[in-house]
Amino acid sequence: MEKETFLLVAIIVVALIYFLFFRNRASREGTGREGRGDKQAARGPAAAARRVPPSAAEADELVPESIEVEDDAQPKAPTRPLSQPPAAPSKSKRPPPPETLSRAPDVQTLRRGLGRSRDSGGVFGRLKALLGGQRDIDASIAQQIEEVLLTSDVGAATTQTILNRIREGLDRGELTNADAVWRALRQEAVRMLSIDGRAGGGIELRHSPTVVLFVGVNGAGKTTTIGKLATQLEAAGKKCVLAAGDTFRAAAVQQLVIWGKRVGCEVVHGKDGADPGSVLFEAIKKAEEVGADVVLADTAGRLHTKANLMNEMQKIARSAGKAASGAPHETFLVIDATNGQNALAQAREFKDALEITGIVLTKLDGTAKGGVVLGISDSLRVPVRFVGMGEGPDDLHEFAPQRFVDALLGDEQAA
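(A) View of the overall build of the chain. Counting its regular elements, the chain contains 16 helices and 8 strands. For the chain, the proportion of its 415 residues judged to be buried stands at 43%. Partitioning the intrachain contacts of the chain with sequence separation of at least 6 by distance along the chain shows that 74% fall at a separation of at least 24. Put simply, the chain shows about 23000 Å² of open surface, and 52% of that area lies on carbon and sulfur atoms.

In structure tokens, the structure reads:
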């Protein structure tokens, strides 16, 4: 009996100890969970939400501002406070246009481009050698100036016009020293280059779109000039459409397409041998559709005969007129300055066939005969609008008669 009583008491004691042990353990775990819950509630709902794996968009918002995620393939996005909403995309894709499309280059820039004309073998260098020093000015100076101008491709008629001015000054006793002769030469040159009172070149955008037709012989630089001008116009906030109208030469179309991709302009072109007039017509309609400001149209420079070429140019001009009233609004004759008097002969043929409104003189940096500008402008009585003095887009300059003459015939100290 005593043995049974002992076993019963032992069982009760073990059960009591077991009950008390597990009760205390459960109490400690409950207290721990409650404490962690209180701390999480104190941190706010955002902290609690982190227990759930975030979506891709949420994960982007949770990246701290001080952390930069680097990606070699993509540019870094600017960091912003988490509370700040993303900026709304801009509706305007192009900057507002400035008040003017371009400005004439300074004299020093032009002088660098006219370096060959200003060295000892160029028109300026030879005149400077003739008029330099303390030599006496007499009637013989006119004949010596004549020789320099004629061999600088100024042209016979233009040279005689300049010499008449020099002789008149000598007869009146006005040209008594070298400085006076220089002034007379510069004044006459500016007068010749200021056609119809124009003091500057460039394009006047009086229509929307303004259609500009570029004509000239192959190799003059029409396509390159269009690419350079499109670059400048786009930089000035003007939208351009390029018309690849030289469909007889596949390389010209490809070259213009490359310029279009580089500049960001739409290029309208047809198949090889397509009708150039139809290409220009479609380009004008595309420009009206997309709201372009300017259409720059390339054309062929060589066909089987001169008559065929001029007939083709006239046909293209008529096609432009059917697409837009008054088009082409500008017709620019592109002339290679290195061709000298041959370029002048070519220019006369284009002027007889078309209403030329401006001249673009290219490759002036490649010749020592910069005086050809005087002969072309004076003979054709058409204003020079642009001059090209290099390969880059910035090397096509808006023409300003006074600055050009200062660069060609002015002293180094002249502004």
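(B) Seen up close, the sheet that holds strand E8 (residues 396-398). Spatial strand order, E3-E2-E4-E1-E5-E6-E7-E8: 8 strands in an open sheet with mixed pairing. Each of the sheet's edge strands pairs with one partner strand only, and the pair in question is strand E3 (266-268) and E8. Adjacent strand axes in the sheet meet at a mean angle of 25° when their direction is disregarded. Judged from the 3 bridges that link them, strand E7 (residues 384-388) and E8 form a sheet pairing that is antiparallel.

(C) Summary view of the packing of helix H8 (residues 156-171) against helix H15 (residues 372-380). The interhelical angle for the contact between H8 and H15, taken along N-to-C directions, is 95°, at an axis separation of 8 Å. By the criterion of interaxial angle, the relationship of H8 to H15 is roughly perpendicular. Between H8 and H15, the contacting residues are Thr158, Thr161 and Ile162 on the first element and Leu374, Gly375, Asp378 and Ser379 on the second. Grouping the amino acids of the contact of H8 with H15 by side-chain chemistry returns 2 nonpolar, 4 polar and 1 charged.

(D) Examining helix H14 (residues 341-353) more closely. Across its 13 residues, H14 extends 19 Å between first and last C-alpha, which sits within 8% of the 18 Å expected from 1.5 Å per residue. If you check which residues of H14 are buried, you get Ala343, Leu344, Ala347, Phe350 and Ala353. Taken together, the buried residues of H14 touch strand E1 (210-215), helix H13 (306-323), strand E5 (330-336) and H15.

(E) View of the pattern of salt bridges. One pass over the full model with this rule turns up 13 salt bridges. In this structure, glutamate 174 and arginine 172 form a salt bridge, with 2.9 Å as the shortest nitrogen-oxygen distance. Note on arginine 172: relative accessible area 51%, which makes it exposed. Between glutamate 288 and lysine 285 there is a salt bridge, and its shortest N-O distance comes to 3.6 Å.

(F) A look at the environment of cysteine 265. Within the fold, cysteine 265 resides in the loop between helix H11 (250-263) and E3. Exposure remark for cysteine 265: the relative accessible area of 9% places this residue in the buried category. Through-space distance from the C-alpha of cysteine 265 to that of glycine 227 is 9.6 Å; in sequence the pair is 38 residues apart. Here cysteine 265 is in contact with Ala230, Glu234, Cys240, Leu242 and Gly260, once residues within four sequence places are set aside.

(G) Quick look at the nonpolar core. Formed by 79 residues in total, the largest nonpolar core has its most connected members in Ile145, Leu185, Leu280, Leu361, Leu364, Val373 and Phe404. With residues near it in sequence (within four places) discarded, leucine 185 still touches Leu127, Leu131, Ile145, Ile162, Ile166 and Leu409. Ile203, Ala230, Val267 and Leu396 belong to the second largest nonpolar core, which has 24 residues in total.

(H) Geometry of unusual backbone geometry. In the segment running from serine 208 into proline 209, the intervening peptide bond is cis, with an omega of 0°. Cis geometry marks the peptide bond from alanine 327 to proline 328; its omega dihedral reads -5°. Along the chain, the position of proline 328 falls in the loop between H13 and E5. You will see that aspartate 153, though not glycine, has its phi angle at about 65°, which is positive. With a relative accessible area of 16%, aspartate 153 lands in the buried category.

(I) Examining the packing of aromatic side chains more closely. The tally for this structure, following the rule as stated, stands at 4 aromatic pairs. Between the aromatic rings of phenylalanine 399 and phenylalanine 404, the centroid separation amounts to 5.1 Å while the plane-to-plane angle is 50°, which identifies the pairing as tilted. Taken as a pair, phenylalanine 399 and phenylalanine 404 share a single burial class, namely buried. In textbook terms, an aromatic cluster arises when at least three aromatic residues are bridged by ring pairs, as seen for Phe214, Phe332 and Phe386. Sitting over the ring of phenylalanine 124, arginine 118 keeps its end group 4.0 Å from the ring centre. The lysine or arginine in question, arginine 262, covers the ring of tryptophan 259, its NZ or CZ lying 4.5 Å from the ring centre.

Thresholds, definitions, all that
- Residues numbered from 1 in each chain as written.
- Predicted model: local features only at pLDDT ≥ 70, side-chain atom pairs only at ≥ 80, totals over all residues.
- Heavy atoms only, no water.
- Helix = DSSP H or I, 4+ residues; strand = E, 2+ residues; numbered from the N terminus.
- Buried < 20%, exposed > 50% of the residue type's maximum accessible area, 1.4 Å probe, protein only.
- Contact = heavy atoms within 4.5 Å.
- Areas by Shrake-Rupley, 256 points an atom, 1.4 Å probe, with all protein chains shown as cover.
- Pairing = 2+ DSSP bridges.
- Axes fitted to C-alpha atoms, helices over the stretch in contact; angles between N-to-C directions.
- Parallel < 35°, antiparallel > 145°, perpendicular 65-115°, else oblique.
- Nonpolar A, V, L, I, M, F, W, Y, C, P; charged D, E, K, R; others polar.
- Expected span 1.5 Å × (residues − 1).
- Salt bridge = Lys/Arg side-chain N within 4 Å of Asp/Glu carboxyl O.
- Core = buried A, V, L, I, M, F, W, Y, C linked by side-chain atoms within 4.5 Å.
- Phe/Tyr/Trp six-rings, centres within 6.5 Å; stacked < 30°, edge-to-face > 60°.
- Lys NZ or Arg CZ within 6 Å of the ring centre and 35° of its normal.

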